[in-house]
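Here is how the chains run, residue by residue.
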Amino acid sequence: MAHPALAGRGAVVTGAGGGIGAALAARLVAEGARVVVNDVDADACARTAEAIGATPVPGDCASAEGVAALVAAATESLGRIDVYCANAGIDRTRADSLQLEDAEWTRMFEVNVRAHVRAAQLLVPGWVADHEAGGPGGRFVVTASAAGLLTMIGAAAYSTTKHAAVGFAEWLSITYGGRGVAVQAICPQGVQTAMLEQAGPLKDLLSHDEALTPEAVADAWVAALEEDRFLVLPHPEVAGYYAARAADTDRWLAGMRRLQTKVDGLAGA
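First, a word on what this report is: a plain description of the structure on this page. Predicted model only: the values in this text are computed from it and were never measured.

1. A short note on the pattern of salt bridges
- A full pass over the atoms with the stated rule returns 9 salt bridges.
- Put simply, D228 and R139 hold a salt bridge, and the shortest N to O gap is 2.7 Å. Here R139 lies in strand β5 (residues 138–143) and D228 lies in the loop between α9 (214–224) and β7 (231–232), a separation of 89 residues in the sequence.
- Given a relative accessible area of 37%, D228 falls into the partly exposed group.
- You can call R139 buried: its relative accessible area is 10%.
- Note that R229 is salt-bridged to E227, the shortest N-O span being 3.2 Å.
- Within this structure, R27, E31 and D219 form a network of salt bridges that share partners.

Below you can see the structure in the form of structure tokens.
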């Protein structure tokens, strides 16, 4: 049976050309939602749309102009946007991530953080007004990462931007969660996507608690709707790691440094 929070809703999924985004879009369609898919890769966007019966709106969801165009086109297609899955994300990590070029840091902030902020700026006021008028409001879903809760070894910009993505989602929930805007942050570890395959010596570390399929991540999100949980943890082990990090941060950091030494050894092998 279709989930009542999704059935008949108008939904947008960014970064839906493959991976988690395509899986979220497919699950939304299966739950009875009307879906617009977006990706900077127009061909991939079209393939996903054709495969699942969605409407493709390709383009850059991170720029101010791009997100405005996406929201306008999706609103015209769907009538209204009820669910916005801010899923698009990039990782430009290289061997010495501290020395990543300014342009790469900037691009990762744009896609991994500012895209969420810009979409929320356009959508949230309307959702709040709708709620105040007796309507359902809206749902804003951020695909972050366990790196946004725990930090990812060897990936300075990715870890920083994913922490920022979680932080913005938390702020959004605190500020608007009582005013008709449901907010969730999906924070998986290793997922069977192109990003994992490109992780080099980190691949085994990220897959330590099993590399999930994108479909399993989408399943975890829908399951989290039952209690409307903010944190969606497809890898349940992350909850324990997150609690340990908060309970004794120095001990946690010491353990992470030991992992860093192990990864350094793998990289040099």
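2. Points about the environment of D264
- As for its placement among the helices and strands, D264 is situated in helix α11 (residues 249–268).
- On the basis of relative accessible area, D264 is assigned to the partly exposed category, the value being 45%.
- Once the C-alpha coordinates of D264 and E215 are considered, the two residues, 49 residues apart in sequence, prove to be 32 Å apart.

3. Here's the deal with the pairing of strand β6 (residues 181–186)
- Across the 6 residues that make up β6, a large majority, 6, are buried.
- Residues of β6 alternate between two faces, with V181, V183 and A185 on one and A182, Q184 and I186 on the opposite face, all of them buried.
- For β5 and β6, the ladder comprises 6 bridges, and the chain directions are parallel. Within β6, the position partnered with F140 by the bridge is V183.
- Both β6 and β7 contribute to a ladder of 2 bridges, which runs parallel. Bridge pairing in β7 places A185 opposite L231.

4. Looking at the side chain of H3
- Counting through the fold element by element, H3 comes out in the segment before β1 (10–13).
- Overall, H3 belongs to the buried group, its relative accessible area being 10%.
- With residues up to four places along the chain from it excluded, the contact list for H3 reads E31, V222, L225 and E226.

5. A closer look at the pairing of strand β4 (residues 83–86)
- Alternating residues of β4 divide into V83 and C85 and Y84 and A86, and every residue in both groups is buried.
- Looking at chain direction, β1 and β4 are connected through 3 bridges and run parallel. When the sheet's bridge partners are listed, V12 is paired in β4 with Y84.
- Bridge count between β4 and β5: 4 bridges; the pairing is parallel. Bridge pairing in β5 places C85 opposite V141.
- Once the chain exits β4 it traverses helix α4 (residues 102–132) before rejoining the sheet at β5, and the crossover so formed is right-handed.

About the criteria used
- Residues numbered from 1 in each chain as written.
- Predicted model: local features only at pLDDT ≥ 70, side-chain atom pairs only at ≥ 80, totals over all residues.
- Heavy atoms only, no water.
- Salt bridge = Lys/Arg side-chain N within 4 Å of Asp/Glu carboxyl O.
- Helix = DSSP H or I, 4+ residues; strand = E, 2+ residues; numbered from the N terminus.
- Buried < 20%, exposed > 50% of the residue type's maximum accessible area, 1.4 Å probe, protein only.
- Pairing = 2+ DSSP bridges.
- Contact = heavy atoms within 4.5 Å.
- Right-handed = clockwise from strand over helix to strand, strands pointing away.

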